[in-house]
Amino acid sequence: MSDQSAKFTEKIKASYTPSGSYIYLGAGILDGQVIAEAEVNLSLKMMNRHGLVAGATGTGKTRTLQLLSEQLSDAGVPVFMLDVKGDLSGLNQPGPINPKIEERAGQLGKPFNPSGFPVEIFSLSGKLGAQMRATVLEFGPTLLSKILDLNDTQAGVLAVIFKYADDSKLPIIDLNDLKKLVSYLAEGQGAEEIKSSYGKISTATSGTILRKIVTIEQQGLSAMFGERSFDIEDLFTKTDGKGVISLLNISDVQNQPVLYSTYLLSLLAEIFYSMPEVGDLDKPKLVFFFDEAHLLFKNSSKAFLEQIETIIRLIRSKGIGVFFCTQAPSDVPESVLSQLG
């Protein structure tokens, strides 16, 4: 090894040789050559400090997530991630060996031993995996306003409707319940009641909200709202010591990015509000990958962004790691980016 390579390796090792268990990302490259000894590792204990995977289309973001999820599973850490095209389900089977993989393994000095991992597949439509759903009330007005693409005025009215339901102990289970409640409070017998306590709901605003709800139903996605709600404990399971990789297959709802990205946030919010404080663990209890993260932040309201920032800032104390995956760091707001370790 030349003096230059030795100095390079020394610097990489100084920064990326954590104590305790770790995730191996690869090796440093100097003058176009892979320096196998210059290993780049992430401390398993620090994986709940969150992170960012960024790069243009075709640079290997999804493969990076796959690399991370496989090693986390091996370490007994459950993982939740999006399966955008339905091809990550192959994680449950040992992969084939090919010359490119053998060449890469040789450069890194790491033997390639194909293996499968425990995988659970979920779906928002219920057609491509086990149904994931939540009640409308659990989803809340802020996230629902994002899905329905409501403006600030309409979102404020929806928040009032949820407040009325909460004060009146009215369960809002599915979209039918919500439609009936909106009609009741805008034009039905509840119009005068809500006017005196919360303010009048105009028929124009209620009509817009109802039309947006019908649009979701026409897209065949009403099944994601209702009972039974998804039990978040199912995300923390292990099989034979390996963490289960839970995949949300969205290949049939790819044209509804706001829907699935917002559902992911609702799931993360439920984990945040349900899980106890655990302090500083040797490894995270769950790592949550947000692929196509730019879709989550695009055209988001201030209330929506504040909710994301709060969850990301505080959920690490629950032993949960969150990794955003997107094309450029600028896709993530500064307030959230500053929370990524």
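This text goes with the structure placed above it.
Residue numbers here run from 1 along each chain, matching the order of that chain's written sequence. It should be noted that, the model being predicted, local features are given only for residues of pLDDT at least 70 and side-chain atom pairs only at 80 or more, the latter also being counted only at that level, while totals for whole chains, interfaces and linings use all residues. To obtain the side-chain values, all non-hydrogen atoms of the structure were included, while hydrogens and water were left out.

Draft legend 1. Looking closely at the environment of Ser196. Take Ser196: it is sitting in helix H7 (residues 190-197). The spacing of Ser196 and Gln307 is 111 residues in sequence and 30 Å in space, taken between C-alpha atoms. Strands are runs of DSSP state E lasting at least two residues, helices are runs of H or I lasting at least four, and both sets are numbered from the N terminus onward.

Draft legend 2. Main features of the packing of aromatic side chains. What counts as a ring pair is set by centres within 6.5 Å for rings of Phe, Tyr and Trp (its six-membered ring), and what kind of pair is set by the plane angle: stacked under 30 degrees, edge-to-face over 60, tilted for all other angles. Going through the model one piece at a time under the given rule, you end up with nine aromatic pairs. Here the aromatic rings of Phe139 and Tyr263 are separated by 6.2 Å at their centres, their planes lie at 25 degrees, and the arrangement is stacked. Here Phe139 is found in helix H4 (residues 136-148), whereas its partner Tyr263 is found in helix H9 (residues 257-274), with 124 residues between them in sequence. Both residues of the pair, Phe139 and Tyr263, count as buried. Measuring from centroid to centroid gives 5.6 Å for Phe289 and Phe323, while their planes differ by 55 degrees, and the two rings are tilted. Separated by 34 residues along the polypeptide, Phe289 in strand S10 (residues 286-290) and Phe323 in strand S11 (residues 320-326) bring together distant segments of the chain. Neither residue differs from the other here; Phe289 and Phe323 are each classed as buried. One aromatic cluster is present, built from ring pairs that chain together Phe80, Phe288, Phe290, Phe297 and Phe324. Its guanidinium or amino end placed over the ring of Tyr24, Lys110 lies 4.6 Å from that ring's centre, counting from NZ or CZ. Any residue under 20% of the maximum accessible area for its type is buried, any over 50% is exposed, and the rest in between are partly exposed; the area is computed with a 1.4 Å probe on protein chains only. A ring is considered to have a charge above it if a Lys NZ or an Arg CZ atom is located within 6 Å of its centre and within 35 degrees of its normal.

Draft legend 3. Up close: the packing of H4 against helix H5 (residues 152-167). Close contact between H4 and H5 brings their axes to 8 Å; oriented N to C, the two are set at 160 degrees. One way to sum up the angle between H4 and H5 is to call them roughly antiparallel. Crossing hand, H4 versus H5: left-handed. On H5, the residues touching Val136, Leu137, Gly140, Pro141, Leu144 and Ser145 of H4 are Ala155, Leu158, Ala159 and Phe162. Orientation is described by lines fitted to C-alpha atoms, with helices fitted over the stretch in contact, and by angles between N-to-C directions that extend from 0 to 180 degrees. Every angle not falling under 35 degrees, over 145, or within 65 to 115 is termed oblique; those three ranges are roughly parallel, roughly antiparallel and roughly perpendicular. Take the far helix as the reference: if the near one is turned anticlockwise from it by less than a right angle, the crossing is left-handed, and if turned clockwise, right-handed. Contacts were defined at the residue level, with two residues in contact if any of their heavy atoms lie within 4.5 Å.

Draft legend 4. View of the sheet that holds S10. Being paired, for any two strands, means DSSP has found at least two bridges between them. Taken in spatial order, the seven strands line up as S3-S11-S10-S4-S9-S5-S6 in an open sheet, and their pairing is parallel. Each edge of the open sheet is held by one strand with a lone partner, namely strand S3 (51-54) and strand S6 (130-131). Packed onto the sheet, H9 meets strand S4 (79-83), strand S9 (245-249), S10 and S11 and runs at close to 160 degrees relative to S10.

Draft legend 5. Quick look at the side chain of Thr326. Relative to the helices and strands, Thr326 is located in strand S11. Reaching out from Thr326, the side chain makes a polar contact with the side chain of Asp331 at a distance of 2.7 Å. Among all residues touching Thr326, those that are not within four sequence positions of it are Leu52, Val53, Ala54, Gly55, Lys61, Ala293, His294, Asp331 and Val332. N or O atoms closer than or at 3.5 Å make up a polar contact, with two conditions inside protein: a donor-capable atom paired with an acceptor-capable one, and, for residues adjacent in sequence, both atoms drawn from side chains.

Draft legend 6. The arrangement of unusual backbone geometry in detail. Here the amide bond leading from Glu227 into Arg228 is cis, since omega sits at -5 degrees, within 30 degrees of zero. Along the polypeptide, Arg228 turns up in the loop between helix H8 (203-218) and strand S7 (238-239). One non-glycine residue with positive phi stands out, namely His50, at about 75 degrees. Take His50: it is sitting in the loop between strand S2 (33-43) and S3. The class for His50 is buried, based on a relative accessible area of 4%. Its identity is not glycine, yet Asp149 carries a phi of approximately 55 degrees, on the positive side. Mapped onto the elements of the fold, Asp149 is located in the loop between H4 and H5. Exposure remark for Asp149: the relative accessible area of 57% places this residue in the exposed category.

Draft legend 7. Seen up close, the pattern of salt bridges. We count a salt bridge whenever a side-chain nitrogen from Lys or Arg sits within 4 Å of a carboxyl oxygen from Asp or Glu. Considering all chains together, one arrives at eight salt bridges under this definition. Between Asp74 and Lys242 there is a salt bridge, with its nearest N and O atoms 3.5 Å apart. With Asp74 in helix H2 (residues 61-74) and Lys242 in strand S8 (residues 242-243), this pair connects stretches of sequence that are 168 residues apart. Close ionic contact of Lys179 with Glu217 constitutes a salt bridge, the shortest N to O distance being 3.0 Å. On the criterion of sequence distance, the pair formed by Lys179 in helix H6 (residues 175-186) and Glu217 in helix H8 is long-range, its members being 38 residues apart. For Glu217, a relative accessible area of 22% corresponds to the partly exposed category. One connected set of salt bridges, linked through shared partners, spans Lys45, Arg49 and Asp280.

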